[in-house]
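Spelled out from the first residue to the last, the chains are:
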Amino acid sequence: MSATPLADFVRAYAEAGISRLHMPGHKGHGPLGCEAWDLTEIAGADELYEAEGIIAQSETNTARLFGSAGTFYGTEGSSQCIRAMLFLALQAAPAGQGRPVLLAARNAHKALLYAAALLDFDIRWLWPPADGQGGSLCACPMSPETLDAALTGLEQTGNSPFGVYLTSPDYLGGMQDVGALASVCHAHRTPLLVDHAHGAYLRFLPGGSRHALDQGADLCCDSAHKTLPVLTGGAYLHLGHGLLRPEPAAVRGAMCLFGSTSPSYLIMQSLDLCAGALAGPWPGELAACVEAVNGLKARLARLAPGLVRPAEPLKLVLDANALGRSGRALADLLRVHKVECEYADGQYVVLMFAPGNRPLDYERVEQGVKAAVQAPAEGAFRRNAPAPGLWVRLEEQARPQCTIRQAVFARQALVPVEQAVGRVCALPTVACPPAIPIAVSGETIGPAAAELFGYYGIRRVAVTTE
Ligand SMILES: Cc1ncc(COP(=O)(O)O)c(C=O)c1O
């Protein structure tokens, strides 16, 4: 079987000079230069949500590379896979148990809330520890003991969750101990679902896989496009070897439920070609990249204590407060050195590396950070992290007033943050990135949420009006 059956087919079709009396309307030529490879479901091209031919073969190649019990392509990111994953977990839950509940770590991407609204389930939140560890919207480190206590507590109320939902790695490169947390879930016979959008590459690390699937996740999604050489939108939904084993047709049906019936063949080819690279030179290139990033982290760590935050191998996370600056100010300085970051807030700058980066990229980052160390920061600097204890107050004040679905679909209005305090959050308002809701739909917006909206630069939020 070919390592890249889909790309092979499309290239042969493009070269054959066939008269294209089918969609898309560009007919194989246009200003982008890639139109010849942009197809629709013509004879032989298979169909993503009914795959039996070259797409199914390509997915099988990828499943083998990831060691999954099944891998399914998505062309609309982890956002689509997350909805499908939750639909599948809900389908597997025992019937007739009242309103379904998911137990989820609070640093979830907004796609989880959209899934809860569409599928109409409730969420019990796992909050970061009270000591403020992490100190960011993006992080929610979870101990096995905390998870065990939460699961036991829910079981005692007769309201067992249909799944546990974790985000790992998170936007700041923090990783949960998925193995230990999976053991806790499985001891409670509860499936573990992992938003692994940032972690596809972890399967191919030189020291061995650290992918969530290999640590016991029952279902997980990877945004292939975030860390692998894949076009934006390319994603995987993986089945693990644990508690949830839906039929392939059911998984395709779930992906179709939340996707367009015209999935992009360019993105699918990109996933197909990525499988070829993963089976070939890419893991070696990743090893070299990880070594280079490690070297850079070590050199930068020597410049200022606390500057380099511990993070997964391909993320360099700088605490700009260690240099007397805000993360946004450091990002501006890096921009002068022709470096564009993934994310910056009042405290952090996140830089994402991959084998496609050139040596020059590492040099520029180092020069930019050195310049920031040498140049005095402008004005008197005040630590720019959220105030200690803010997360505890947020947890105390986040009182649900209605279901997520009711709030998301309620009549609503965008109001200035000051006028939102005491009202009910409608559509989640997020800073993007990291697209993590501060107030969750259906919760009262308290003063702590308002303070965090200010910190993340959010001025208006959606509140219910009925
Ligand atoms: C943690 C996390 N989950 C899910 C998503 C959604 O992924 P996608 O953009 O692939 O739909 C993102 C996007 O940034 C994310 O950071």
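This text follows the structure it describes.
Throughout this description, residue numbers start from 1 for each chain and increase along the sequence as written. Only residues with pLDDT of at least 70 get local features here, since the model is predicted, and only at 80 or more are side-chain atom pairs given and counted; chain-wide, interface and lining totals rely on the full set of residues. For side-chain calculations, the full set of non-hydrogen atoms in the structure is used, while hydrogens and water are omitted.

Secondary structure is summarised from DSSP: a helix means a run of H or I of at least four residues, a strand means a run of E of at least two, and numbering begins at the N terminus for each. Of the regular secondary structure elements, the protein holds 16 helices and 13 strands. Atoms counted for the radius of gyration: C-alpha only. Globule rule: 2.2 Å times the number of residues to the power 0.38. For 466 residues, the compact-globule estimate of 2.2 N^0.38 gives 23 Å, and the C-alpha radius of gyration of the protein, at 23 Å, lies within 12% of that figure. Expressed as lengths along the three principal axes of its C-alpha atoms, the size of the protein is roughly 65 × 60 × 45 Å. The burial tally for the protein puts 54% of its 466 residues in the buried class. The contact definition used throughout considers only heavy atoms, calling two residues in contact when any of these lie within 4.5 Å. Taking the intrachain contacts of the protein between residues at least 6 apart in sequence as the baseline, contacts between residues at least 24 apart amount to 71%. Here the positive residues are Lys and Arg and the negative ones are Asp and Glu; neither His nor the chain ends is included. Charged side chains are reduced to one point each, which is NZ for Lys, CZ for Arg, CG for Asp and CD for Glu. Looking at charge distribution, the protein has the averaged site of its 36 positive side-chain charges lying 6 Å from that of its 43 negative ones. Only protein chains enter the accessibility calculation, which uses a 1.4 Å probe. A residue is then buried if its area is under 20% of the maximum for its type, exposed if over 50%, and partly exposed in between.

Here the focus is the nonpolar core. Formed by 129 residues in total, the largest nonpolar core has its most connected members in Leu86, Leu112, Phe121, Tyr165, Leu228 and Leu351. Not counting chain neighbours up to four residues away, the residues in contact with Leu351 comprise Leu314, Lys315, Leu316, Leu318, Leu334, Val339, Cys341 and Val365. Take the buried Ala, Val, Leu, Ile, Met, Phe, Trp, Tyr and Cys residues and link them wherever side-chain atoms come within 4.5 Å; each set so joined is a nonpolar core. In terms of nonpolar packing, the next biggest core, distinct from the first, is built from 21 residues, Leu154, Ala212, Ala217 and Cys220 among them.

In a beta sheet, neighbouring strands are held together by backbone hydrogen bonds and run either parallel or antiparallel to one another. Note on pairing: two strands pair once DSSP finds at least 2 bridges between them. Overall, antiparallel pairing links the 4 strands, which are arranged E8-E9-E11-E10 in an open sheet. Two strands in the sheet have a free side with no partner beyond their single neighbour: strand E8 (308-309) and strand E10 (343-344). Sheet topology note: the E10/strand E11 (residues 348-352) ladder contains 2 bridges and is antiparallel. Across the sheet, residue Ala344 finds its bridge partner in E11, namely Val349. Strands E8 and strand E9 (315-319) of the sheet are contacted by helix H10 (residues 282-301), whose axis makes an angle of about 15° with E9. Helix axes are fitted only over the stretch in contact, all axes being lines through C-alpha atoms; the angle between N-to-C directions runs from 0 to 180 degrees.

Okay, the site of the ligand next. Throughout, near means a residue has at least one heavy atom within 4 Å of the molecule or strand. Taken together, 13 residues form the shell around the ligand, and within it Ser79, Asp195, His198, Ser223 and His225 come nearest. Between a nitrogen atom of the ligand and a side-chain N or O atom of Asp195, the distance comes to 2.5 Å. Counting of polar contacts relies on pairs of N or O atoms within 3.5 Å, with two restrictions inside protein: one atom must be capable of donating a hydrogen and the other of accepting it, and residues adjacent in sequence are counted only when both atoms are side-chain atoms. In the model, an oxygen atom of the ligand is placed 2.7 Å from a nitrogen or oxygen of the Ser223 side chain. To be clear on the numbers: accessible area is Shrake-Rupley with a 1.4 Å probe, and residue cover counts the displayed protein chains and nothing else. Protein chains bury 86% of the 390 Å² of accessible surface belonging to the ligand in isolation. In this structure, the ligand is accommodated by the largest pocket. Looking at the shell around the ligand, the elements that each hand over two or more residues are helix H3 (77-92) and helix H7 (224-227). Here the shell around the ligand takes 4 residues from H3, the largest share from any one element. Lining residues are defined by having an atom within 4 Å of a point belonging to a cavity or pocket. Those points lie on a 1 Å grid over the protein atoms alone, cavities being sets where a 1.4 Å probe fits but cannot get out and pockets being open sets with protein on both sides within 12 Å along at least five of seven lines. Think of it this way: a molecule belongs to a cavity or pocket when more than half its atoms come within 2 Å of the grid points there.

With 16 residues, H3 ought to run about 22 Å at 1.5 Å a step, and its terminal C-alpha atoms sit 23 Å apart, in line with that. With 12 of 16 residues buried, H3 is to be regarded as a mostly interior element. Those residues of H3 lying buried are Gly77, Ser78, Gln80, Cys81, Ile82, Arg83, Ala84, Met85, Leu86, Leu88, Ala89 and Leu90. A helix is expected to span 1.5 Å for every residue after the first.

Turning next to the side chain of Ser58. As for its placement among the helices and strands, Ser58 is situated in helix H2 (residues 54-66). Looking at Ser58, the relative accessible area reads 0%, which means it is buried. Ignoring any residue separated from it by four or fewer positions in sequence, one finds Ser58 in contact with Pro5, Tyr73 and Asp272.

What follows is about helix H12 (residues 359-374). Between its terminal C-alpha atoms H12 stretches 23 Å, which fits the 22 Å expected from 16 residues at 1.5 Å a residue. Along H12, the residues classified as buried are Asp361, Tyr362, Arg364, Val365, Glu366, Gly368, Val369 and Ala372. Of the surrounding secondary structure, the elements contacted by the buried residues of H12 are H10, E9, helix H11 (327-336) and E11.

Pairing between side chains of opposite charge can happen when the charged atoms of each approach one another. Counted as salt bridges are all cases of a side-chain nitrogen of Lys or Arg within 4 Å of a carboxyl oxygen of Asp or Glu. Applying the stated criterion across every chain yields a total of 13 salt bridges. Of the charged contacts in the structure, one is a salt bridge between Asp214 and Arg203, with a shortest N-O distance of 3.0 Å. Taken as a pair, Asp214 in the loop between strand E5 (192-195) and strand E6 (219-222) and Arg203 in the loop between E5 and E6 lie far apart in primary sequence, 11 residues in all. For Asp214, a relative accessible area of 38% translates into the label partly exposed. For Arg203, a relative accessible area of 22% puts it in the partly exposed group. Salt-bridge contacts for Lys370 lead to Glu366; the nearest nitrogen and oxygen are separated by 3.5 Å. A residue pair is termed a helical-turn pair when its members lie 3 or 4 positions apart in one helix, as Lys370 and Glu366 do in helix H12 at 4 residues.

The next subject is the layout of surface pockets. Grid points are joined across faces, edges and corners, and a volume is the space filled by probe spheres set on the points. As a volume, the largest pocket reaches approximately 470 Å³. What lines the largest pocket is a set of 27 residues, among which His109, Tyr171, Ala197, His198 and Lys226 lie closest to the centre. Elements supplying a minimum of two residues to the lining of the largest pocket: H3 and H7. Among the elements that make up the lining of the largest pocket, the one with the highest residue count is H3 (4 residues). Per-class residue counts for the lining of the largest pocket are 13 nonpolar, 10 polar and 4 charged. Domain delimitation in this document rests on an assignment produced automatically or drawn from a domain database. Two domains each provide a minimum of three residues to the lining of the largest pocket, namely domain 1 (5-279) and domain 3 (390-464). For this scheme, ten residues count as nonpolar: Ala, Val, Leu, Ile, Met, Phe, Trp, Tyr, Cys and Pro. Four count as charged, namely Asp, Glu, Lys and Arg, and the remainder, Gly too, count as polar.

The subject of this paragraph is the packing of aromatic side chains. Each pair of aromatic rings is reported with the distance of its centres and the angle of its planes. Any Phe, Tyr or Trp ring, taking Trp's six-membered ring, that has another such ring centre within 6.5 Å forms a pair; planes under 30 degrees apart are called stacked, those over 60 apart edge-to-face, and the others tilted. Scanning the entire structure with this criterion turns up 9 aromatic pairs. On the numbers, 4.9 Å between centres and 90° between planes, the contact of Tyr455 with Tyr456 is edge-to-face. A residue is classified by how much of its surface remains accessible, and Tyr456, at 7% relative accessible area, is buried. By way of ring pairs, the aromatic residues Phe66, Tyr73, Phe204 and Tyr236 are connected into one cluster. Charge-over-ring contacts are defined here by two conditions on Lys NZ or Arg CZ: a distance within 6 Å of the ring centre and an angle within 35 degrees of the ring normal. One cation-aromatic arrangement involves Arg11 over Trp37; the distance from NZ or CZ to the ring centre is 4.2 Å. Between Arg106 and the ring centre of Trp125, over which it is positioned, the NZ or CZ distance is 5.0 Å.

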